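Structure assessment
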Amino acid sequence: MSTVLDDIILGVREDLEGRRRHIPAQEIARGAQAAAAPLDALAAFRAHGPVKVISEVKRRSPSKGDLAAIPDPAELAAAYEVGGATAISVLTEHRRFGGSLADLDAVRARVRIPVLRKDFMVDHYQVDEARAHGADIILLIVAALDDPQLGDLFQHATELGMTSLVETHDEDEIDRALALGGQLIGVNARNLKTLEVDRSVFARLAPRVPDDRVRVAESGIRGPQDVTDYVAAGADAVLVGEALVTGGDPQTAVSTMRGITR
């Protein structure tokens, strides 16, 4: 029986093949090599100070449906940056999240902080796309990849100068992410196979991540109290989407979350 994640990946692969037919892999690879050097995202996350906030440009989700229209993703990203975001996450998956590479282009052209291409990465082509369109960070979801695939994509991103946010959901995935050498370790409270959210997952898994790695709490953040709870459980950074795009004042929301300390 297929999971939600399986279905998403199937659509991602179909859409990928369409883009590959339109723009050959060699052309995308040349674009990746020619792009301006990526920003040092890891240094930004390791800088001394309060919790780091990855603020997300997110129109909809498989679990909640439509969240926000976001006619101007660059304007939203600029508000996040003024609010003190450490990085901007841009959903580029179209079928379930309503995102696009055009959104990534718009955000990259507007902000001066690191940008994450948030998608379901399964192929070198997507990593090259991310770099060609200005991403400094890519998302690697451990649950979606076997170890050879995970290692291959991680290495390719590293060779292009990008940072990988390695996303985990359970103990085994944490161990795989650490063995990979991931420095930016995400713990997602949402099980992508069922879409259920369990905020206790971060507190359970965070102690398995060494202090020399950056712990990122993902999903389930409804407001400052959830950020406070995640920080108390060991989060160095939080990734926030829905609460920011639906709250009405993204700049202030980011600033409030950024001010939370241990």
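So, how was this worked out
Residues numbered from 1 in each chain as written. Predicted model: local features only at pLDDT ≥ 70, side-chain atom pairs only at ≥ 80, totals over all residues. Heavy atoms only, no water. Helix = DSSP H or I, 4+ residues; strand = E, 2+ residues; numbered from the N terminus. Buried < 20%, exposed > 50% of the residue type's maximum accessible area, 1.4 Å probe, protein only. Lys, Arg positive; Asp, Glu negative; His and termini not counted. Salt bridge = Lys/Arg side-chain N within 4 Å of Asp/Glu carboxyl O. Polar contact = N/O pair within 3.5 Å; in protein donor to acceptor, adjacent residues only side chain to side chain. Contact = heavy atoms within 4.5 Å. 1 Å grid on protein atoms, 1.4 Å probe; cavity = no way out; pocket = protein on both sides within 12 Å on 5 of 7 lines; lining within 4 Å. Points joined across faces, edges and corners; volume = space filled by probe spheres on them. Nonpolar A, V, L, I, M, F, W, Y, C, P; charged D, E, K, R; others polar.

So, the environment of E27
If you trace the backbone, E27 turns up in helix α2 (residues 25–34). Relative accessible area serves as the criterion here: at 42%, E27 is assigned to the partly exposed category. Note: C-alpha distance between E27 and E129 (102 residues apart in sequence) is 9.8 Å.

Structural notes on the side chain of E167
Assignment of secondary structure puts E167 in strand β7 (residues 163–168). Buried E167, no salt bridge; nearest opposite-charge side chain is K118, N-O distance 5.3 Å. Here N188 takes part through its side chain, which lies 3.1 Å from a polar atom of the side chain of E167. If sequence neighbours within four positions are ignored, E167 has contacts with L139, L140, I141, V142, E173, G186, N188, L192 and E218.

Points about the environment of K118
Structurally, the position occupied by K118 is in strand β5 (residues 115–118). Among the residues examined, K118 registers a relative accessible area of 15% and is labelled buried. Spatially, the C-alpha atom of K118 lies 26 Å from that of T261, the residues being 143 residues apart in sequence.

Structural notes on the layout of surface pockets
There is about 490 Å³ of room inside the largest pocket. Forming the walls of the largest pocket are 30 residues, and the residues nearest its centre are K58, R190, S219, G220 and E242. Its residues assigned to classes, the lining of the largest pocket comprises 13 nonpolar, 6 polar and 11 charged.

Some points on helix α8 (residues 171–180)
Of the positions making up α8, those classed as buried are E173, I174, R176, A177, L178 and L180. In the core, the buried residues of α8 are packed alongside α7 (147–159), β7, β8 (184–188) and α9 (200–205). In this structure D170 caps α8, since a side-chain oxygen of it lies 3.2 Å from the backbone nitrogen of D172. Where α8 ends, the next residue or the one after it, G181, has phi of about 100°, a positive value.

Notes on helix α6 (residues 124–132)
One turn of an α-helix holds 3.6 residues; hence residues three or four places apart share an orientation. Burial within α6 is extensive, with 7 of its 9 residues counted as buried. Of the positions making up α6, those classed as buried are Y125, Q126, V127, D128, E129, A130 and R131. For α6, the elements touching its buried residues are α1 (4–22), α2, α5 (101–110), β5, β6 (137–141) and α7. Of the residues that open α6, the one with a side-chain oxygen 2.8 Å from the backbone nitrogen of Y125 is D123.

Some points on unusual backbone geometry
Phi at I70 takes a positive value of approximately 50°, unusual for a residue other than glycine. On the secondary structure map, I70 appears in the loop between β3 (65–66) and α4 (73–83). Owing to a relative accessible area of 9%, I70 belongs among the buried residues under this scheme. Despite not being glycine, L195 shows a phi value in the positive range, around 70°. Examined against the element boundaries, L195 turns out to sit in the loop between β8 and α9.

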